[in-house]
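Take a look at the letters that make up each chain.
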Amino acid sequence: QVQLIESGGGLVQAGESLRLSCAASGRTVSTFRMGWFRQAPGKEREFVAAVTRSTGSTYYADSVKGRFTISRDNVKNMVYLQMNSLKPEDSAVYYCGAMDSLVKSIRNWREYDYWGAGTQVTVSS
């Protein structure tokens with residue numbers, strides 16, 4: 001059984017940094033395409049970043065490109081999201097997702113097979 005557990009969220013001021021972690025169990029993260037998504041109150045879950053299974057290619061939403069970095073540690077079975085220069089509009093619950101498929105859209109949260117419970121990120125102005 002695959003489980004994903006996010007951690008690292010918190011309350012920070014604009015311009016500060018946070019690193020989110022996603023710990024996987026049941027399977028190694030190298031066998032999944034892994035993604036980070038976020039959901040603010042009243043809004044749909046939106047794509048933030050993803051890393052592919054084989055090549056480790058990374059993808060980012062335009063709103064976070066240049067500020068956020070996704071990475072994967074296959075030995076520790078972890079996926080990270082380094083978030084720099086945080087803005088109040090980055091405030092949301094952040095979710096880690098895992099996808100089995102190699103062909104479905106990596107930016108579509110509905111295509112993911114496994115999810116963590118999320119971690120809250122709040123950025124004050």
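Below or above, wherever it landed, is the structure these notes cover. (Residues numbered from 1 in each chain as written. Predicted model: local features only at pLDDT ≥ 70, side-chain atom pairs only at ≥ 80, totals over all residues. Heavy atoms only, no water.)

A word on the overall build of the protein. The number of helices and strands found in the protein is zero helices and 11 strands. Each helix and strand of the protein, ordered N terminal to C terminal, gives the series β-β-β-β-β-β-β-β-β-β-β. The principal-axis extents of the C-alpha atoms in the protein amount to approximately 40 × 25 × 25 Å. A burial count over the protein gives 42% of its 125 residues as buried. Put simply, of all contacts in the protein between residues at least 6 apart along the chain, 59% involve residues at least 24 apart. For the protein, the accessible surface area stands at approximately 6300 Å², while carbon and sulfur atoms represent 47% of it. Where the 15 positive side-chain charges of the protein centre and where its 11 negative ones centre are 4 Å apart. (Helix = DSSP H or I, 4+ residues; strand = E, 2+ residues; numbered from the N terminus. Buried < 20%, exposed > 50% of the residue type's maximum accessible area, 1.4 Å probe, protein only. Contact = heavy atoms within 4.5 Å. Areas by Shrake-Rupley, 256 points an atom, 1.4 Å probe, with all protein chains shown as cover. Lys, Arg positive; Asp, Glu negative; His and termini not counted. Charge placed at Lys NZ, Arg CZ, Asp CG, Glu CD.)

This paragraph deals with the nonpolar core. Counting residues in hydrophobic clusters, the biggest one holds 35 residues, and the most contacted among them are Met34, Trp36, Leu81, Met83 and Tyr94. Of all the secondary-structure elements, those providing two or more residues to this core are strand S3 (18–25), strand S4 (33–39), strand S5 (46–51), strand S7 (68–73), strand S8 (78–83), strand S9 (92–99) and strand S11 (119–124). Discounting chain neighbours no more than four positions away, the residues touching Tyr94 are Glu6, Leu20, Trp36, Phe37, Arg38, Val48, Phe68, Leu81, Met83, Gly118, Thr119 and Val121. (Core = buried A, V, L, I, M, F, W, Y, C linked by side-chain atoms within 4.5 Å.)

Okay, the pattern of salt bridges next. In the structure shown here, the tally under the stated rule is seven salt bridges. One salt bridge connects Asp62 with Lys65, and the closest N-O pair in it is separated by 3.2 Å. Comparing Asp62 with Lys65 shows no difference in burial state: the two are exposed. Two residues, Arg67 and Asp90, come together in a salt bridge whose shortest N-O distance is 2.8 Å. On the criterion of sequence distance, the pair formed by Arg67 in the loop between strand S6 (58–60) and S7 and Asp90 in the loop between S8 and S9 is long-range, its members being 23 residues apart. (Salt bridge = Lys/Arg side-chain N within 4 Å of Asp/Glu carboxyl O.)

With that settled, the discussion passes to the state of the cysteines. Evaluated as defined, the whole model comprises one disulfide. Between the sulfur of Cys22 and that of Cys96 lies a disulfide, 2.1 Å long from S to S. Between Cys22 and Cys96, the disulfide has an S-S torsion of -75° and is therefore left-handed. Placement of the pair is Cys22 in strand S3 and Cys96 in strand S9, with a sequence separation of 74 residues. Note on Cys22: relative accessible area 0%, which makes it buried. (Disulfide = S-S within 2.5 Å.)

With that settled, the discussion passes to the sheet that holds S8. Strands in a sheet are paired, the pairing made by backbone hydrogen bonds, and the direction either parallel or antiparallel. Spatially, four strands are ordered S1-S3-S8-S7 in an open sheet, and the strand pairing comes out antiparallel. Each edge of the open sheet is held by one strand with a lone partner, namely strand S1 (3–7) and S7. Pairwise comparison of adjacent strand axes, ignoring direction, gives a mean angle of 15° for this sheet. (Pairing = 2+ DSSP bridges. Axes fitted to C-alpha atoms, helices over the stretch in contact; angles between N-to-C directions.)

Read these as spatial facts, not as claims about activity.
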